[in-house]
Amino acid sequence: MALSGMRGLSVFISDVRNCQNKEQERLRVDKELGNIRTRFKNEKGLTPYEKKKYVWKMLYVYMLGYDVDFGHMETVSLISAPKYPEKQVGYIVTSCLLNENHDFLRLVINTVRSDIIGRNETFQCLALTMVGNIGGREFAESLAPDVQKLLISSSCRPLVRKKAALCLLRLYRKNPDVVNVDGWSDRMTQLLDERDLGVLTSVMSLLVSLVSNNHDSYWNCLPKCVKTLERLARNQDIPQDYTYYGIPSPWLQVKTMRVLQYFPTIEDPNIRRSLFDVLQRILLGTDVVKNVNKNNASHAVLFEALALVMHLDAEKEMMSQCVALLGKFIAVREPNIRYLGLENMTRMLMVTDVQDIIKRHQAQIITSLKDPDISIRRRALDLLYGMCDVTNAKDIVEELLQYLSTADFAMREELALKAAILAEKFAPDLSWYVDVILQLIDKAGDFVSDDIWFRVVQFVTNNEDLQPYAAAKAREYLDKPALHETMVKVSAYLLGEYSHLLARRPGCSPKEIFTIIHERLPTVSPATVAILLSTYAKILMHAQPPDPELQHQIWAIFNKYESYIDVEIQQRAVEYFELSKKGAALMDILAEMPKFPERQSALLKRVEDTEVDTAEQSALKLRTQQQTSNALVVTDQRPANGSVPVGQLSLVKMPSATYNTDANSVEEGLTKANGSSSKLDSQTSLPSGDLLGDLLGPLAIEGPPGAGVPTEKNMVSGLEASPNASDALALTPLGEQSNSVQPIGNIAERFHALCLKDSGVLYEDPYIQIGIKADWRAHHGRLVLFLGNKNTSPLLSVQALILPPSHLKMELSLVPETIPPRAQVQCPLEVLNLRPSRDVAVLDFSYKFGTPMVNVKLRLPAILNKFLQPISMSAEEFFPQWRSFSGPPLKLQEVVRGVKPLSLPEMANLFNSFQLTVSPGLDPNPNNLVASSTFYSESTRAMLCLIRVETDPSDRTQLRMTVASGDPTLTLELKEFIKEQLVSIPTAPSIPPAPQMHPPVATVALTDPGAMLAGLL
């Protein structure tokens, strides 16, 4: 673009560049646009030079990011100018300012057509370039035949024909139904004889698009493609201009091999032999060199050749050469080459008889699993998963389990799922399978879906010889001080069913089993409490002869939960209490679970449905019906509870039109039937016929809609509600909740659940699910928000705004304005803790589905206990530190009344769940508790915190608490935080057995949080 001589344009550009700030630039641009608008009103007085200059200025303003909503007619009129400078400006600016649907484009179709069919090659190039850039439907209908004529014309220069091929490709991609390519097979065959490599490369791009839609019409092009490849491989008659670092036209080689992959097979033995000779030459002639550009070009050709070799099902000898070459690549230092080597070796697994050859590189692949680059680690995991069989399953699963404890946060979920599937598919014996799954739950409980432990229970139930072993292993894990809730579930279920098989072993009497399980009760969610109640009933049934003391203990628990706020737990407690009074009849009622019917594993089905090849879409994947492509969204796989999963960070692909069973959601709300899919709509669930699902899931009761769909309440036992009204209402008072879309589940309970764990669902409604995964290290936190669209229509106008308190520094990555159907986007959120405080950050989230705008304000679980790090202290360490804090404000003491009655073990478990390590035996008084932790913030750095709780055995509703630290603010905030967790909340009265049609409404003060929570529930 020659701008010399346009002094006004040069001055304008200089003025804009010299502006000191954005405001000055905007004022200068507005002034110039105003001047241009005024001059265009008097268009008759404008010379062609002035019009051209002003249009250039409009383009520059547009490139700066400002809207240019006038002057389009003047721009379009320049296309009709007879001289090249004005016509060039018209074509370039029209291509930039106007889209394919703009009305003004209809005005220039005739002019553009005149330029295309004219004899001026420069004008032809300008017209073809603009049509190729815009590519509208009207252009395709009017101009495609003329562009086709240019392409096959022998009188046109190669430059024009090259542009014609690319222009036709653009029109065909945008409007394949409009561009008529019937009968083009012979013409394409003629075009493949072209000697000019520029035209041939453009024609090959067009042929790739044509054969991808209909390869049957282009069989006669196949021999010409092989000849072209031979010519390039042997470097015959290749101009120097098309040789890139000694490689003859690598782009044309790649496109030609891509075309060949769309043909199912090559039957002609001569063509096949010629093609394999070329591929052999490429395989043997490619090596890693120091020049990066040459490496890139040669490896692009090589990996396309590998894909073609796999597609053609070459002889085993050539396949061995391919694997050996890839084995060299995965051992080099360059990460890009290692990645490509692992990815293509994974593709090689699709070819028969090469898996044994790939196994020779197993040690190097396992080494890649520890690579600093996460993308290489993902490819290594995919390859290990694909190459696993009965001969190497034990080694690979053990490596995955060992790697699990140090694996990247984003990979653990996929790692756990694949380890579980490999253990199930290739287990040498069932006891090894049980060991692997229990280790998996122990090391990565947050990332283990319910489907995994359901499957273990199914195997144990169906194999009597395995039952004593599984129960013994579950008993061993319960001795650990820290246990994930999923391990509590599976251990409680197995011991409830089969603990009587261990009765003669030391420490396995019914009373001892009950005691060790009951210690976990205060720290588990209501869903797990329901399983524990079933376990207690089973233990009571197996205790023969009956133990009166054990019976009274269990009955007391049943009585306690008879008025529990959760109707599922309440019903279990009532029914088990009544059943336990039936004596010998209890043996028949609570007999062991029958064997499960044989069925396909839900895990195997899930991985078959969701497994993804993340490489670029190619003909190989078209052949295997695995067409997926990279995108910024994660596919929606339908989970057991009808919610969008927020896991699987590694499976990145475009959303598919179908959705499959997937229980990989981080929220474990509804318990899914074992190995079967639960079909749910957005409001209610259909009862499952699965026996295990019936036992572990909600009991079948009649009630109002949603009564049988308990939401997750992962708060410690007794903390059924938030300590104040704003908790129950999740920030806004009831009167301000004006959204027509109602949330699914209780928002406050979801928030409290996330206060105790690092992953789960923060918010859900019929259209969207917002999940969170968090990683906390010292005073830094990294959260990932998962925004999942649950519907078949996109969510529009999506906005997320973080409202941080003053003590937190938070930075949220860009949130896309649109979430595609059945898709999920991930938005990282960085958190920095500046100083101690109990204030909570707020996520202001809004979106549009249809016409209404939905807006919610959600508290984020970046609270004080997330920045605590447990620390264990001996008496020699604790008491000198305790005495060093002389008194207020570093050491504060308060008598707390209205405490939820908890035994000392229950209170210790509660403190441990908040990262406050209880040190038993430090305090000389056995009724007291001593705890310690380290708090991290930018102002305090690592600050030691000490807590002492003095209880009264005669009155568990009050206690005296002393908190000490080296920072007065931290001491006060921590004391108030612990106090909030200990104070009891009044619960709502139990639901009467026969509800009235119009129950009277009691007048309750708005300041009563218990009543407000009861109203919400």
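Scroll up to find the structure this text is about.
Note that this is a predicted model, so its numbers are computed, not measured.

Check the secondary structure of the protein and you find 40 helices and 17 strands. Counting over 1017 residues, the protein shows a buried share of 55%. Within the protein, contacts between residues at least 6 apart in sequence are counted, and of these 68% link residues at least 24 apart. Here the protein has roughly 45,000 Å² of accessible surface; of this, 51% comes from carbon and sulfur atoms.

The omega torsion across Pro888 and Pro889 is 5°, close enough to zero to call that bond cis. Along the chain, the position of Pro889 falls in the loop between helix 37 (875–884) and strand 13 (891–897). One non-glycine residue, Ala778, lies in positive phi territory at about 55°. Secondary-structure assignment places Ala778 in the loop between strand 5 (768–777) and strand 6 (780–789). Even without glycine at this site, Gln915 takes up a positive phi of about 65°. Locating Gln915 in the fold gives a position in the loop between helix 38 (904–913) and strand 14 (917–918).

We now examine the packing of helix 22 (residues 412–426) against helix 23 (residues 430–443). It is the contact of helix 22 with helix 23, at a shortest axis distance of 9 Å, that shows an interaxial angle of 170°. What the angle tells us is that helix 22 and helix 23 run roughly antiparallel. Taken together, the residues of helix 23 that come into contact with helix 22 (itself represented by Ala416, Ala419, Ala420, Ala423 and Glu424) are Trp432, Tyr433, Val436, Ile437 and Leu440. Among the residues making up the contact of helix 22 with helix 23, the classes are represented as 9 nonpolar, no polar and 1 charged.

Moving on, we come to the sheet that holds strand 10 (residues 842–848). Taken in spatial order, the 3 strands of this open sheet run 7-10-11, and their pairing is antiparallel. Both outer strands of the open sheet, strand 7 (796–803) and strand 11 (853–859), are each paired with one neighbouring strand and no more. Within this sheet the neighbouring strands show an average axis-to-axis angle of 10°, counted without direction. Where strand 7 and strand 10 come together, 6 bridges link them in antiparallel fashion. Bridging from a neighbouring strand, Gln799 pairs with Ser846 of strand 10.

This paragraph deals with the environment of Glu764. For Glu764, the position within the fold is in strand 4 (residues 759–764). In sequence terms Glu764 and Leu787 are 23 residues apart; their C-alpha atoms lie 9.8 Å from each other.

On to the side chain of Ser153, then. With respect to the secondary-structure elements, Ser153 resides in the loop between helix 8 (137–152) and helix 9 (158–174). In this structure the side chain of Ser153 is engaged in a polar contact, spanning 3.0 Å, whose partner is the side chain of Ser155.

This part takes up helix 30 (residues 567–580). The end-to-end C-alpha separation of helix 30 is 20 Å, in line with the 20 Å expected for 14 residues at 1.5 Å each. Three or more residues of helix 30 are buried, namely Glu568, Ile569, Gln570, Gln571, Arg572, Ala573, Tyr576, Phe577, Leu579 and Ser580. Structurally, the start of helix 30 carries an N-cap: the backbone nitrogen of Glu568 is 2.9 Å from a side-chain oxygen of Asp566.

Now for the pattern of salt bridges. Under the defined criterion, the tally for this structure stands at 49 salt bridges. For the salt bridge of Glu100 with Lys174, the shortest nitrogen-to-oxygen distance reads 2.7 Å. With a gap of 74 residues between them, Glu100 in the loop between helix 5 (84–97) and helix 6 (109–117) and Lys174 in helix 9 connect regions that are remote in the sequence. The exposure class assigned to Lys174 is partly exposed, which follows from its relative accessible area of 37%. Of the charged contacts in the structure, one is a salt bridge between Lys511 and Glu549, with a shortest N-O distance of 2.6 Å. Placement of the pair is Lys511 in helix 27 (residues 510–518) and Glu549 in helix 29 (residues 548–561), with a sequence separation of 38 residues. With a relative accessible area of 27%, Lys511 lands in the partly exposed category. Put simply, Arg378, Arg379, Asp382, Glu414 and Lys418 are held in one network by salt bridges that share partners.

Conventions used here
- Residues numbered from 1 in each chain as written.
- Predicted model: local features only at pLDDT ≥ 70, side-chain atom pairs only at ≥ 80, totals over all residues.
- Heavy atoms only, no water.
- Helix = DSSP H or I, 4+ residues; strand = E, 2+ residues; numbered from the N terminus.
- Buried < 20%, exposed > 50% of the residue type's maximum accessible area, 1.4 Å probe, protein only.
- Contact = heavy atoms within 4.5 Å.
- Areas by Shrake-Rupley, 256 points an atom, 1.4 Å probe, with all protein chains shown as cover.
- Axes fitted to C-alpha atoms, helices over the stretch in contact; angles between N-to-C directions.
- Parallel < 35°, antiparallel > 145°, perpendicular 65-115°, else oblique.
- Nonpolar A, V, L, I, M, F, W, Y, C, P; charged D, E, K, R; others polar.
- Pairing = 2+ DSSP bridges.
- Polar contact = N/O pair within 3.5 Å; in protein donor to acceptor, adjacent residues only side chain to side chain.
- Expected span 1.5 Å × (residues − 1).
- Salt bridge = Lys/Arg side-chain N within 4 Å of Asp/Glu carboxyl O.

Function cannot be read off these values alone, since they describe shape.
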